[in-house]
Every structure is written in C-alpha cells, then in structure tokens.
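Chain residues, written in single-letter form:
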Amino acid sequence: MEKLLIILTVFSFSISAKMQQVKWQDLKPSVSEETVQLPEVTEEQKQLLASVLYLQQQDDEASKKELDNIILVLESQGLDASKTLQIREKYMAIEKLKAESLNTEISGNKVRMPGFIVPIEFEGIKAIDFLLVPYAGACIHLPPPPANQIVRLSYPEGFEVENVQYPVWVEGIIQADKQTDDVYLVDGETQLTMGYSMKGLKIERYYEE
C-alpha cells in the first residue's frame with residue numbers, strides 16, 4: 001500500500017510538472033533590430049505628411065503642384081518630407097516584426113496562463129471559440145493587441161462568459177500559429193491577426209467567489 005502511494009505521488013508530480021505557467025511577456029520574444037527614433041512633429045505637420053503620402057499616389061498636375069508646395073512648407077519648418085517618411089516606413093516595419101515575432105519554443109507545451117476572454121462563437125449559451133488577450137476590453141472597446149499577444153482559444157466543452165471584464169485562468173496546449181481570419185465581435189466582423197492558437201483543457205475564474 002505504501003509503495004502504491006509513493007508511485008501515485010510520483011506519477012501525480014510528473015503530470016503536474018509538465019504544466020508550464022506562462023506570462024504574456026513569454027509570448028513576446030525580443031527582436032534584435034536597430035532602434036529607429038521618429039522625429040518629433042506637430043499635429044499640423046502630421047497632417048501635411050499624410051497629404052504627401054496621398055498626393056504621391058496621384059498623377060494629375062494639380063496634385064503634383066500641391067505636393068511640391070507642401071514639401072516646401074515642411075522644408076521651411078526644418079522637416080525633410082522624404083527622409084521623414086522613410087524613417088516612418090522603417091519604424092513601422094520594425095514594429096510589425098516585433099508584433100508578429102513568436103516564441104516557437106513554447107509550441108506543443110501544456111500551459112496555464114491568465115487573461116481575458118473575448119467570445120467569438122457560441123453553442124447555446126456557452127462560448128466554444130475565444131480570443132484570449134492580456135487586458136480587458138481588447139478587440140472590443142480598445143484596439144487589438146499585437147499578434148503575439150492574442151491566442152485563438154478553442155474550448156469545445158463550452159464556457160459561460162458572465163462578463164468579459166473578469167479575468168480567467170486557462171489551461172491548454174499552445175501552438176505558435178500565426179493566422180489572419182475574419183472574426184465576429186460585438187461591434188461587427190473584423191480581420192484579425194493572431195499569433196497563437198490553443199486547444200483549451202480548462203477555464204476557471206481568476207478570482208474565486
């Protein structure tokens with residue numbers, strides 16, 4: 001009997017040891033890229049630069065003349081429009097890389113992590129498909145997080161969502177699996193890029209009543 005208890009204890013420990021508690025930062029690997037510092041511009045200058053981007057796509061003479069005038073205005077304010085927009089493009093490329101870089105080492109692991117769930121598919125009164133996000137209101141009242149901070153969560157058992165403002169603990173098998181899909185949220189359908197997917201094994205409230 002004593003040997004059986006020891007075996008069961010060791011077996012139970014080995015199972016629980018496979019569960020990895022994950023923080024959101026763990027899904028966001030560091031990217032070795034040079035830092036790009038955006039020049040400081042006023043709101044008026046931002047609008048002028050936006051006009052430059054638009055007018056560069058036009059072919060008519062009036063647009064070309066307006067473009068030249070705006071470039072001269074910016075130059076008089078000490079701002080090189082072409083150089084500034086090149087820096088902006090490089091900055092956006094680096095930010096996109098940071099947002100979509102995934103931690104592939106975590107793929108296939110059984111994990112436990114906290115977060116907020118945004119239901120996107122229901123079966124009866126229970127949701128079976130979710131977005132798991134790091135803060136309340138993401139993708140609903142607030143803009144979506146970067147792709148590597150969104151987990152597409154499948155939970156066929158279903159979970160009754162009382163309030164999207166309440167955090168939960170989720171356990172499941174996670175995969176680095178970037179996908180872009182049209183998802184239906186409370187304010188309509190939107191195209192969303194998600195960095196991870198998870199087959200949910202358990203969802204429980206973060207705070208016990």
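Engineer: Would you take a moment to explain the overall build of the protein chain for this structure?
Structural biologist: Looking only at helices and strands, one finds 4 helices and 6 strands in the protein chain. Along the protein chain, helices (α) and strands (β) appear in the sequence α-β-α-α-α-β-β-β-β-β when read from the amino end. A separation threshold of at least 6 residues defines the contact pool for the protein chain, and within that pool the share at least 24 residues apart is 70%. For the protein chain, the accessible surface area stands at approximately 13,500 Å², while carbon and sulfur atoms represent 52% of it.

Engineer: Explanation requested: the pattern of salt bridges in the structure shown.
Structural biologist: Think of it this way: side chains of opposite charge can pair up when their charged atoms draw near. Summed over all chains, the structure comprises 10 salt bridges. Here K178 makes a salt bridge to E100, at a shortest N to O gap of 3.0 Å. With K178 in strand β5 (residues 168-185) and E100 in helix α4 (residues 81-100), this residue pair connects regions lying 78 residues apart in the sequence. On the accessibility criterion, K178 (46% relative accessible area) is partly exposed. One salt bridge connects E204 with R112, and the closest N-O pair in it is separated by 2.8 Å. One end of the pair, E204, is in strand β6 (residues 188-205); the other, R112, is in strand β2 (residues 110-123), with 92 residues separating them in the sequence. Judged by relative accessible area, E204 falls into the partly exposed class, the value being 22%. On the accessibility criterion, R112 (18% relative accessible area) is buried. A network of salt bridges, in which partner residues are shared, links R112, E171, K202 and E204.

Engineer: I tried to follow helix α3 (residues 61-76) on my own but got confused; where do I start?
Structural biologist: Residues spaced three or four apart along an α-helix face the same direction, because each turn holds 3.6 residues. Taking 1.5 Å of rise per residue, the 16 residues of α3 would be expected to cover 22 Å, and the 23 Å separating its terminal C-alpha atoms lies within 8% of that figure. Burial in α3 covers these residues: S63, L67, I70 and L74. Seen along its axis, α3 keeps its buried residues to an arc of 65°; they face one direction. Turned more than 90 degrees off the buried face of α3, the exposed positions are E61, A62, K65, L72 and S76. Buried-residue contacts for α3 involve α2 (43-55) and α4. At the C-terminal side of α3, G78 shows a positive phi close to 80°.

Engineer: I tried to follow the packing of α2 against α3 on my own but got confused; where do I start?
Structural biologist: Each packed pair of helices is defined by two parameters, the angle between the axes and the distance between the axes. Interhelical geometry of α2 versus α3 gives an angle of 150° and a closest axis separation of 10 Å. The element α2 and its partner α3 pack so that their crossing is left-handed. Across the interface between the two elements, Q45, L48, L49, S51, V52 and L55 from α2 touch S63, E66, L67, I70, V73 and L74 from α3. Among the residues forming the contact of α2 with α3, the class breakdown is 8 nonpolar, 3 polar and 1 charged.

Engineer: Sorry if this is basic, but what is going on with the environment of S154 here?
Structural biologist: Counting through the fold element by element, S154 comes out in strand β4 (residues 151-159). Sequence spacing of S154 and E121 is 33 residues, and the spatial spacing of their C-alpha atoms is 9.6 Å. Setting aside anything within four residues of it in sequence, one finds S154 in contact with I128, D129, M198, K199 and G200.

Engineer: Where do I start with the pairing of β5 in this structure?
Structural biologist: As paired elements, β2 and β5 share 6 bridges and run antiparallel to each other. Along β5, the bridge assignment pairs G115 with V168. For β5 and β6, the ladder comprises 16 bridges, and the chain directions are antiparallel. Within the sheet, the bridge partner assigned to I173 lies in β6 and is K199.

About the criteria used
Residues numbered from 1 in each chain as written. Predicted model: local features only at pLDDT ≥ 70, side-chain atom pairs only at ≥ 80, totals over all residues. Heavy atoms only, no water. Helix = DSSP H or I, 4+ residues; strand = E, 2+ residues; numbered from the N terminus. Contact = heavy atoms within 4.5 Å. Areas by Shrake-Rupley, 256 points an atom, 1.4 Å probe, with all protein chains shown as cover. Salt bridge = Lys/Arg side-chain N within 4 Å of Asp/Glu carboxyl O. Buried < 20%, exposed > 50% of the residue type's maximum accessible area, 1.4 Å probe, protein only. Expected span 1.5 Å × (residues − 1). Arc of directions from axis to C-beta. Axes fitted to C-alpha atoms, helices over the stretch in contact; angles between N-to-C directions. Left-handed = near helix turned anticlockwise from the far one by under 90°. Nonpolar A, V, L, I, M, F, W, Y, C, P; charged D, E, K, R; others polar. Pairing = 2+ DSSP bridges.

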